[in-house]
Structures are given as C-alpha cells and as structure tokens.
Amino acid sequence: MRIEEIWWKNLTNPSGFAKKIICSVLEGRSSAVIYENDIPWKEDFIQNILFEVERESPSMKTNIHRISGYVEPDEYIMQKYCNREERSLYWGPRDHSKAKFLSKSSKSTLKKSNVVIDLTNAENRDEWTGFVEEYTSYFSDEEEHGVFLLLMKDTEFSGTDNIRCFNYSRYIHDFDVFMLCMTILSSQNCSIQRKKYISEIAVSLAEDNVVVAGELAEYKGSLPVNVSRIAEKVFRENGLSCDDIAVKIKNALWEAQVKILFPIIEQFRSRFIETNYDKLRKYKLDSYKASNVFELEVGQLYHLCYSQGILKKELGFLEKVRNARNSLAHLEFVPNSDVDILMSKCLSYPNE
C-alpha cells in the first residue's frame with residue numbers, strides 16, 4: 001500500500017478528517033479546509049473526497065478549479081457554469097449581484113455541481129468566501145444548489161453561517177505522523193522498540209513534514225545505519241535544504257534515543273539491581289549518597305562493582321550502559337552499533 005493511502009485511508013485522524021468533509025459536502029453544506037504549510041498528498045486527498053462524493057451522489061457533477069493571483073469569483077463562476085446565452089441575461093449590479101443571479105438561474109449548471117476551489121495561490125480569498133457565503137444564503141437547507149469546497153492556506157478564516165470550516169491542524173497531530181511511520185514498519189522483522197526508534201528518528205528529522213517522515217520510514221532498518229545519506233536524499237527529492245542537516249540528524253538521533261533507549265536503560269538498571277540484590281546490598285552506600293541499593297544510578301552501580309571486584313562478567317556491558325546514559329545526559333547521541341546491542345541485551349537481561 002502506498003504511503004498516501006495509509007495516511008488518508010488507514011489512520012484514524014486523517015481518514016476521519018476526510019470523512020467529515022465528505023459528509024459535509026453530501027449534506028449540501030459548503031465548506032472550507034484550512035491549513036498552514038500544506039496538506040500532505042493534497043491531490044490524493046482531493047481525489048479521495050471527490051470519489052466518495054461522486055459515489056454517494058452521482059447526480060451532482062464535480063469540478064476542480066485552481067486559482068492563482070487575483071480572480072473575481074462571481075465572474076469566474078459565471079464563465080464556468082453559464083453559457084453565453086444565459087450570461088447575456090444578467091443586466092448588471094443595479095439589478096442584483098452575480099451571486100444572486102446564479103442562485104436564480106434555471107440554466108446554470110452550478111446547482112447540479114460540487115465545486116472544489118483551490119485557493120492556495122489566490123490573492124483574494126476573502127472575496128471568494130464572501131461570494132460563496134452570499135450565493136449559499138439564497139437557499140434553504142432543502143433546496144438544491146451548488147456546493148463549494150474551498151482549500152485555503154495560511155488564513156484565519158473560521159467559517160460563517162453558510163460555510164463550515166475544517167482546520168487541518170486541529171485534527172492532525174504529531175502522533176498521527178508517528179503512527180504513519182509505525183504502520184509502514186509494521187511488517188519489519190524487529191522488536192517493537194526498534195520500530196519505535198526508527199519512527200521517532202523519521203518524525204524528528206521531518207519536523208512537520210508528513211511526506212518526508214513517511215519516505216524516511218520507508219527505508220526501515222537502513223535509516224539509523226545510513227541516516228546521513230538517506231536524509232540528504234529524501235530532503236533533496238522534496239526540495240528541502242540540506243545546509244544544516246548534520247545538526248538535524250544529531251538532534252533527531254538524540255531525541256529518539258531519549259524517548260526509546262533511555263527508558264530501556266532505566267528498566268535494565270532496575271532488573272540488574274533486583275537480579276543481583278543479595279550481592280549489592282552487602283556494601284556501604286554512604287559515598288553514593290543513597291539510602292538503599294535501589295537508588296543507585298547506572299554509573300554508581302558500575303563503580304561499586306568495579307571497586308569491589310564483584311559481578312566481573314557484567315562489568316563490560318554495565319560500562320557500555322553507563323557510557324550510553326552519560327552520553328544522553330550530555331546531549332550526545334549513542335552510535336547506532338551500540339544502540340542495537342543495548343536494546344537487545346537490556347531488554348533480555350538477565351536471560352540474554
């Protein structure tokens with residue numbers, strides 16, 4: 001399954017967002033979709049909506065219009081939905097507005113149309129919402145009329161009496177992007193913690209770009225191993241700058257490890273103490289400022305075992321765990337080769 005299909009059809013919030021818009025159109029309500037940066041796979045989003053609308057309401061014709069610059073909405077819709085003969089019947093604003101004329105016209109195809117207007121690059125979005133608001137106001141809920149779906153970027157429009165507003169950022173969150181990556185990785189033959197780790201790297205690197213996160217996650221187990229090469233490739237393919245990519249990679253690896261590896265290390269610390277409690281409890285802990293052995297940090301456990309000459313077989317791995325925890329505490333990421341070992345042994349301890 002393609003990434004865009006997973007996003008718009010399989011994930012709860014994105015698919016729910018699309019379904020609410022579909023329902024609004026089928027109910028005969030004009031709507032506006034508001035977004036800040038961009039809608040991921042926007043063309044698929046539009047086509048999915050129109051497919052469902054056409055399937056449920058085959059009597060209504062659907063059209064997509066992409067507006068750039070300044071275009072007068074009333075004149076544009078007149079040209080698209082009225083033939084020359086019908087347009088000649090309009091006598092001008094002294095009679096009534098073009099929006100009202102369209103609402104009364106018996107030959108205009110607008111009343112039988114679902115009209116998608118992509119206003120991403122339009123300069124006069126307020127005029128478009130004003131036109132749709134006026135046109136729709138001339139009909140009761142039961143009357144047949146044209147239904148508009150407006151797509152608008154970087155606007156504070158919040159809806160009107162006759163235009164429902166669907167704000168993308170209120171429906172979609174970072175967790176949805178994480179779930180996209182986890183779904184992509186679902187067939188990967190590795191632990192759930194490893195899948196979470198790869199997903200966190202992808203989400204952090206992509207920041208708020210869903211498309212980039214999905215494409216990074218598609219590299220699956222190769223992403224942590226070849227993160228620099230893969231990130232640069234995906235960034236370039238999506239027209240993103242690679243100028244500060246080394247810093248982004250460092251931050252992404254550290255953030256992913258703090259979220260996934262750090263808790264695993266803490267779980268290991270607890271199990272290590274429980275497993276070796278009888279040997280550890282014999283020693284004084286005054287120098288560690290701990291009232292009992294369960295309060296010892298990983299570094300302190302290593303120092304105690306090393307200085308007392310106990311649990312010698314554990315010292316090598318305990319040192320690796322200590323070094324990893326110290327790195328994370330000082331904003332440094334752990335090398336990928338060590339991450340694999342740490343995850344595997346920490347999770348399986350003491351039966352590795």
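Residues numbered from 1 in each chain as written. Predicted model: local features only at pLDDT ≥ 70, side-chain atom pairs only at ≥ 80, totals over all residues. Heavy atoms only, no water.

Looking at unusual backbone geometry
Here the residue pair Y349 and P350 is connected by a cis peptide bond, since its omega of 10 degrees sits within 30 degrees of zero. Looking at the secondary structure, you find P350 in the segment after α18 (336-348). The backbone of D154 sits at a positive phi, close to 50 degrees, despite the residue not being glycine. Relative to the helices and strands, D154 is located in the loop between β4 (147-153) and β5 (163-167). The phi dihedral of K289 falls on the positive side, at around 55 degrees, and the residue is not glycine. Along the chain, K289 falls in the loop between α15 (277-280) and α16 (298-308). (Helix = DSSP H or I, 4+ residues; strand = E, 2+ residues; numbered from the N terminus.)

Considering a negative patch on the surface
A cluster of like negative charges, contributed by E36, D154, D174, E207 and D208, occupies part of the molecular surface. Locating E207 in the fold gives a position in the loop between α10 (192-206) and α11 (210-217). (Patch = residues over 30% accessible without salt bridge, like charges linked within 9 Å, V, L, I, M, F, W, Y side chains within 5 Å. Areas by Shrake-Rupley, 256 points an atom, 1.4 Å probe, with all protein chains shown as cover. Salt bridge = Lys/Arg side-chain N within 4 Å of Asp/Glu carboxyl O. Lys, Arg positive; Asp, Glu negative; His and termini not counted. Charge placed at Lys NZ, Arg CZ, Asp CG, Glu CD.)

Description of the pattern of salt bridges
The final tally for this structure, using the stated rule, is 21 salt bridges. Its salt-bridge partner being E200, residue K259 comes within 3.4 Å of it at the nearest N-O pair. Of the two residues, K259 sits in helix α14 (residues 245-275) while E200 sits in helix α10, which places them 59 residues apart along the sequence. Relative accessible area serves as the criterion here: at 14%, E200 is assigned to the buried category. Between D338 and K320 there is a salt bridge, and its shortest N-O distance comes to 3.3 Å. With a gap of 18 residues between them, D338 in helix α18 and K320 in helix α17 (residues 312-329) connect regions that are remote in the sequence. Three or more residues are tied together by salt bridges with common partners; here these are R2, E4, E5 and D44. (Buried < 20%, exposed > 50% of the residue type's maximum accessible area, 1.4 Å probe, protein only.)

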